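Coordinates in review
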Amino acid sequence: MQGLGIHAMMWTTVWDHAGAERAIVGAAHHGQDLIEIPLMDLSSVDAMHSRSLLEGHGLRAVCSLVLDEPVWASRRPDAAAAHLIAALDKAAEMGAEALTGVTYGGTHERTGFPPTEAEYDNLTRALGAAARHAGSLGLQLGIEAVNRYESHLVNSAEQAVALVERIGRDNVFVHLDTFHMTMEEKGIANGIIAAREHLKYMHMSESDRGTPGYGNVAWDAVFAALAAIGFKGALTLESFAKMPVSMAGAISTWRPTARDGDDVIGDGVSFLRNKAVQYGLA
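To keep things clear, this report deals only with the structure shown in the data block. All figures in this text were calculated on a predicted structure; none of them were measured in a lab.

We now examine the overall build of the protein chain. Counting secondary structure elements, the protein chain contains 10 helices and eight strands. Radius of gyration (C-alpha) of the protein chain: 17 Å, near the 19 Å computed for a compact globule of 282 residues. When each of the 282 residues of the protein chain is scored for burial, the buried share is 56%. In the protein chain, of all internal contacts separated by at least 6 residues, the share reaching a separation of at least 24 is 78%.

Within the element layout of this structure, N147 appears in the loop between β5 (140-144) and α5 (157-167). What makes N147 buried here is its relative accessible area of 3%. Those residues in contact with N147 that lie beyond four places of it in its chain are N155, F179, H180, M183 and E184.

Remark: helix α2 (residues 47-56) packs on helix α3 (residues 77-93), axes separated minimally by 8 Å, with the N-to-C direction vectors making an angle of 40°. Taken together, the axis directions place α2 and α3 in an arrangement best described as oblique. Residues A47, M48 and R51 of α2 lie in contact with α3, whose contacting residues are K90, A92 and E93. Taken together, the residues of the contact of α2 with α3 break down into three nonpolar, no polar and three charged.

Since the α-helix packs 3.6 residues into each turn, any two residues three or four apart lie on the same face. In this model, α3 (17 residues) spans 24 Å end to end at C-alpha, consistent with the 24 Å of a helix rising 1.5 Å per residue. Every buried residue of α3 is accounted for by P77, A80, A81, L84, A87, L88, K90 and A91. Next to the buried residues of α3 lie α2, β3 (60-66), β4 (98-102) and α4 (117-137). Phi for G95, located one or two positions after α3, is positive at around 85°.

The rules behind the values
Residues numbered from 1 in each chain as written. Predicted model: local features only at pLDDT ≥ 70, side-chain atom pairs only at ≥ 80, totals over all residues. Heavy atoms only, no water. Helix = DSSP H or I, 4+ residues; strand = E, 2+ residues; numbered from the N terminus. Rg over C-alpha atoms; globule rule 2.2 N^0.38 Å. Buried < 20%, exposed > 50% of the residue type's maximum accessible area, 1.4 Å probe, protein only. Contact = heavy atoms within 4.5 Å. Axes fitted to C-alpha atoms, helices over the stretch in contact; angles between N-to-C directions. Parallel < 35°, antiparallel > 145°, perpendicular 65-115°, else oblique. Nonpolar A, V, L, I, M, F, W, Y, C, P; charged D, E, K, R; others polar. Expected span 1.5 Å × (residues − 1).

Structure (structure tokens):
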């Protein structure tokens, strides 16, 4: 999963034929190595159509998701495993390299208490079954740490590493996101260093989820730490600058974070590429 990528939600929130075409053509036009494809509604995804587009434009893919409440792994591990297995099958059909994201739960999942051993046992059971299936398909499975306001389960790099090691399968990796890290890590570089053995995927997201380079993320610290650990994974621009009003509550974005998506892509892609070159990561 090496290279520079971009999240498909820069162009579409629905992965139907039209959305897939807009996003894949857009990512290829901007010279990206890979695109992150959200599997929000598995039934609407035409995997062979996506695969044909990806191959035609020379793009690699990573798929991602967040679990809805009926399949939260902390409460319903068997249902979560079944959903993840179905998503992995879809990712394999389209030729993706991995399934990542909040693969263990939702982004409004909080009990009001710290995570329990029973919850982690359930996460391990669900993700272990999914990882075994992913391995049979030649896919990797990611675990993204998100901030405390979205989940009580995995907030820091250290917690993500602990869950990966608890699952104990070598196709499971840590996925970090600079937006969440600005809230949760004691120094953003320290989170990268803590995850280094398992870190294979990064969301390069600004502190307001707008354009990278125009917020409070300590980008030089991020890139210096990635260079120091010899990072060989993917760096994917993620921004929610173009989200529809209907999704505001899901991501707690109540105002525009950039003038428009074109500004984010135009400025953000070049900013991240230049930083990657500067630090020997591209």
